[in-house]
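The lines below spell out each chain.
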Amino acid sequence: MKSSRYSWVLLSFVFLSFMSLLGSSVTRDLRPLYFGRVGANPVQIGLLMAIPDVVSIFTRVPSSSLSHRLGRWRMMLFTLILMLVSTGLFAFVRDPVWFYPLVTLGAFSWAAFSPVVIELVLDHSTASTRGDVLGLFFTSIGAAMFVGPLISSLLTTVIGLRQLFLFATVIPVVTLLLFLVVIKPEQTGERQKRGYRGMGEGSIRRIFKVKNFAALSVARIAYSLSIGIFSTIYPVYAAGSLGFTPSAIALLFTFRGVTNVMLRIPAGRLSDRIGRRKPFIFAIALVVVVYLLLGTVESFWPLVVVMSLFGVSWGMRMAPSMALVGDSVLDVDRPLSLVLFMSMYDLGSALGSLLAGFSSTFLSHRTLLLICPPILLGSLLVFIVFSREVKHGSKE
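Described in the following lines is the structure provided in the data block. (Residues numbered from 1 in each chain as written. Predicted model: local features only at pLDDT ≥ 70, side-chain atom pairs only at ≥ 80, totals over all residues. Heavy atoms only, no water.)

A short note on the environment of Met19
Point 1. Mapping Met19 onto the fold places it in helix H1 (residues 8–28).
Point 2. Relative accessible area serves as the criterion here: at 10%, Met19 is assigned to the buried category.
Point 3. Residues Met19 and Ala250, spaced 231 residues apart in sequence, show a C-alpha to C-alpha distance of 19 Å.
Point 4. The contact partners of Met19, leaving out residues within four places of it in the chain, are Ile171, Val174, Thr175 and Leu178. (Helix = DSSP H or I, 4+ residues; strand = E, 2+ residues; numbered from the N terminus. Buried < 20%, exposed > 50% of the residue type's maximum accessible area, 1.4 Å probe, protein only. Contact = heavy atoms within 4.5 Å.)

Digging into empty space enclosed by the protein
Point 1. Going through the model one piece at a time under the given rule, you end up with three cavities of 30 Å³ or more.
Point 2. Space inside the second largest cavity adds up to approximately 40 Å³.
Point 3. Forming the boundary of the second largest cavity are Gly23, Ser24, Thr27, Arg31, Thr87, Phe90, Phe165 and Ala168.
Point 4. Of all the secondary structure elements, the ones that give two or more residues to the lining of the second largest cavity are H1, helix H4 (72–90) and helix H7 (161–168).
Point 5. Per element, the largest residue contribution to the lining of the second largest cavity is three residues, and it comes from H1.
Point 6. Among the residues making up the lining of the second largest cavity, the classes are represented as three nonpolar, four polar and one charged. (1 Å grid on protein atoms, 1.4 Å probe; cavity = no way out; pocket = protein on both sides within 12 Å on 5 of 7 lines; lining within 4 Å. Points joined across faces, edges and corners; volume = space filled by probe spheres on them. Nonpolar A, V, L, I, M, F, W, Y, C, P; charged D, E, K, R; others polar.)

Observations regarding a nonpolar patch on the surface
Point 1. Together, Phe15, Phe167, Val170, Val174 and Leu178 give the surface a local cluster of nonpolar side chains, amounting to about 390 Å² of exposed area.
Point 2. Element by element, the count of residues in the nonpolar patch is highest for helix H8 (residues 170–182), at three residues.
Point 3. On the secondary structure map, Phe167 appears in helix H7.
Point 4. With relative accessibility at 34%, the residue Phe167 sits in the partly exposed group. (Patch = residues over 30% accessible without salt bridge, like charges linked within 9 Å, V, L, I, M, F, W, Y side chains within 5 Å. Areas by Shrake-Rupley, 256 points an atom, 1.4 Å probe, with all protein chains shown as cover. Salt bridge = Lys/Arg side-chain N within 4 Å of Asp/Glu carboxyl O.)

Brief notes about the pattern of salt bridges
Point 1. For the structure on display, the rule yields six salt bridges.
Point 2. With its nearest N and O atoms 2.6 Å apart, the salt bridge here joins Asp333 to Arg206. Of this pair, Asp333 sits in the loop between helix H13 (300–328) and helix H14 (334–359) while Arg206 sits in helix H9 (residues 204–208), and the two are 127 residues apart along the sequence.
Point 3. For Arg276, the salt bridge is made with Asp272, and the minimal N-O distance between the two is 2.7 Å. Accessibility assignment for this pair places Arg276 and Asp272 in one class, buried.
Point 4. Here the salt bridges share partners, and the residues they tie into one network are Asp272, Arg276 and Asp327.

Brief notes about the packing of aromatic side chains
Point 1. Inspection of every chain in the model, using the stated rule, returns 24 aromatic pairs.
Point 2. For the pair Tyr223 and Trp314, a centre-to-centre distance of 6.3 Å together with 75 degrees between the ring planes defines the contact as edge-to-face. Of this pair, Tyr223 sits in helix H10 (residues 211–240) while Trp314 sits in helix H13; the two residues are 91 residues apart in sequence, bridging distant segments of the chain. A single burial state applies to Tyr223 and to Trp314, both of which are buried.
Point 3. Ring geometry for Phe300 against Trp301: centres 5.0 Å apart, planes inclined by 85 degrees, an arrangement best described as edge-to-face.
Point 4. Assessed through its relative accessible area of 16%, Phe300 is described here as buried. (Phe/Tyr/Trp six-rings, centres within 6.5 Å; stacked < 30°, edge-to-face > 60°.)

Description of the environment of Phe253
Point 1. Tracing the sequence through the fold places Phe253 in helix H11 (residues 246–274).
Point 2. Residue classification places Phe253 among the buried positions, given a relative accessible area of 1%.
Point 3. In this structure the C-alpha to C-alpha distance between Phe253 and Pro235, which are 18 residues apart in sequence, comes to 9.7 Å.
Point 4. Sequence-distant contacts of Phe253, defined by excluding residues within four places in its chain, comprise Asp29, Met145, Pro149, Phe230, Pro235 and Met307.

Overview of the nonpolar core
Point 1. Grouped together as the largest cluster of nonpolar side chains are 121 residues, with contacts concentrated most on Phe35, Phe230, Tyr234, Phe244, Tyr291, Leu294 and Phe310.
Point 2. Considering every element that reaches this core, the biggest residue donor is H10, with 14 residues.
Point 3. The contact partners of Tyr234, leaving out residues within four places of it in the chain, are Leu242, Leu252, Leu294, Leu303 and Leu369.
Point 4. Membership of the second largest hydrophobic core comes to five residues, among which are Ala283, Leu286, Val312 and Met316. (Core = buried A, V, L, I, M, F, W, Y, C linked by side-chain atoms within 4.5 Å.)

As for helix H3 (residues 42–70)
Point 1. Over its 29 residues, H3 runs 40 Å from end to end, which matches the ideal 42 Å to within 8%, given 1.5 Å per residue.
Point 2. The axis of H3 is deflected most strongly, by about 40 degrees, at Thr59, and proline Pro62 appears within four residues downstream.
Point 3. Looking one or two places after H3, you find Gly71, whose phi comes out positive at around 105 degrees. (Expected span 1.5 Å × (residues − 1). Bend = angle between axes of the 7 residues up to and from the residue.)

A word on the packing of H10 against H11
Point 1. For the pair H10 and H11, the least separation of the axes is 10 Å and the interaxial angle reads 135 degrees. Classified by the angle their axes make, H10 and H11 are oblique. For the pair H10 and H11, contact is made by Phe230, Tyr234, Pro235, Ala238 and Ala239 and by Ile249, Leu252, Phe253 and Arg256, respectively.
Point 2. Looking at side-chain class alone, the contact of H10 with H11 contains eight nonpolar, no polar and one charged residues. (Axes fitted to C-alpha atoms, helices over the stretch in contact; angles between N-to-C directions. Parallel < 35°, antiparallel > 145°, perpendicular 65-115°, else oblique.)

See below:
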């Protein structure tokens, strides 16, 4: 797809998504360290890292349905205000108990925002361009995931973690102002397509009967479970066992983010040409190797290479998997299927964070990292056996 085929409205939604995630990305990878310094124990850290995913599981579907009743513009405005409030109060927490409502509020805001903006993005795609458009959208998400850690890596060389959280408040303020100035209500209006009723006609049972969706869900849960484990323990492991500073840890996540964002559009376009399954299979196979290396490599620069490969895996996975979901389900089920598919990530990540939090009291961090490869291999086998390629325009 040529860049001229990206409409100004589509690019506006994509940039807004980038800014919306950037505010939390500046601090997300260092949250376990911050929780610990405020006084949270390992179990509490695991619970706090799991809360966003648990909230998302119960929020995405009803919030997406609600947006069609209240209007997308109002829903987006409401969630952006919540993002601002939750981010702004983080820097003032002195007792870990206050993290619970703030993390919950921030998680709700993103979980309610993301399904709306994905639907708006998909409004600007066709079956033959879905991989490309989704690649563009997820590139904006990936960009936030490397720009955020890069900012935190630079800032933590001169300021502390609490000051970093205070600085992060500036980003949702700017995002809210951009939304009010750039995005007009008519640009986010309900679809006017005849017969379209949002997710009301979607069937969860019918969606899960689609073999591609079920196989992708297994792989997505396994992948996100490993992410939940990694995100909960690795910053603590890198600081405590490897002796890295917060700045160095954030820099590692930056390298992961760079390769992640570089691959998202190419992976989407590649999946439009050669099919969705091959890039996805490569991505899962690669991340198996990554976790084996994360559990054994201890030096900074070799870890830069490992984290860069981690980003390649992440970037290769996103657009092809989402596009395969869109290819496989009925049109009437597509909005609900995408929300459900995102919820599979939440489920796995929540389980991974909880597992890491409770297990780290009796298992080493390295052992937890090495638990991930066999889980991912099993899910990859399920995907290879039960999924199939779908021609554009056909359904299972």
